[in-house]
Amino acid sequence: MDFQAVGTFTLMVLLLTIMPGPNGALLLKTVPQNGLRAGILNLAGIVSAFYIHGSSD
């Protein structure tokens, strides 16, 4: 494998790592538009959904 392929792979891994997922993108959209309270409520919904999903069989 040459140096350019390793560099390209490293760049792609870095970009995919720092990119927000759907929940992060939702929070990034909600807080500036609707305020901190809406963001905290949104986060509470995300956490409770993770909890329900994780506790089900």
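See above for the structure.
## Things to note about a nonpolar patch on the surface
Together, Leu-11, Met-12, Leu-14, Leu-15 and Ile-18 make up a nonpolar patch on the protein surface, roughly 490 Å² of accessible area in all. Examined against the element boundaries, Ile-18 turns out to sit in helix 1 (residues 3-18). Classification of Ile-18 as exposed rests on a relative accessible area of 59%.

## Observations concerning the side chain of Thr-30
Tracing the chain through its elements places Thr-30 in helix 2 (residues 22-34). Look at Thr-30 and you get buried, because its relative accessible area is 11%. Those residues in contact with Thr-30 that lie beyond four places of it in its chain are Gly-35, Ala-38, Gly-39 and Asn-42.

## Concerning the packing of helix 2 against helix 3 (residues 36-55)
Across the interface, helix 2 lies against helix 3 with an axial gap of 7 Å and an inter-helix angle of 155°. Our classification of the angle between helix 2 and helix 3 gives roughly antiparallel. Helix 2 and helix 3 meet at a crossing whose hand is right-handed. Along the contact surface, helix 2 presents Asn-23, Leu-26, Leu-27, Thr-30, Val-31 and Asn-34, while helix 3 presents Leu-36, Ala-38, Gly-39, Asn-42, Leu-43, Ile-46 and Phe-50. Of the residues that constitute the contact of helix 2 with helix 3, the class distribution is eight nonpolar, five polar and no charged.

Criteria and thresholds
Residues numbered from 1 in each chain as written. Predicted model: local features only at pLDDT ≥ 70, side-chain atom pairs only at ≥ 80, totals over all residues. Heavy atoms only, no water. Patch = residues over 30% accessible without salt bridge, like charges linked within 9 Å, V, L, I, M, F, W, Y side chains within 5 Å. Areas by Shrake-Rupley, 256 points an atom, 1.4 Å probe, with all protein chains shown as cover. Salt bridge = Lys/Arg side-chain N within 4 Å of Asp/Glu carboxyl O. Helix = DSSP H or I, 4+ residues; strand = E, 2+ residues; numbered from the N terminus. Buried < 20%, exposed > 50% of the residue type's maximum accessible area, 1.4 Å probe, protein only. Contact = heavy atoms within 4.5 Å. Axes fitted to C-alpha atoms, helices over the stretch in contact; angles between N-to-C directions. Parallel < 35°, antiparallel > 145°, perpendicular 65-115°, else oblique. Left-handed = near helix turned anticlockwise from the far one by under 90°. Nonpolar A, V, L, I, M, F, W, Y, C, P; charged D, E, K, R; others polar.

Keep in mind these values describe shape, not function.
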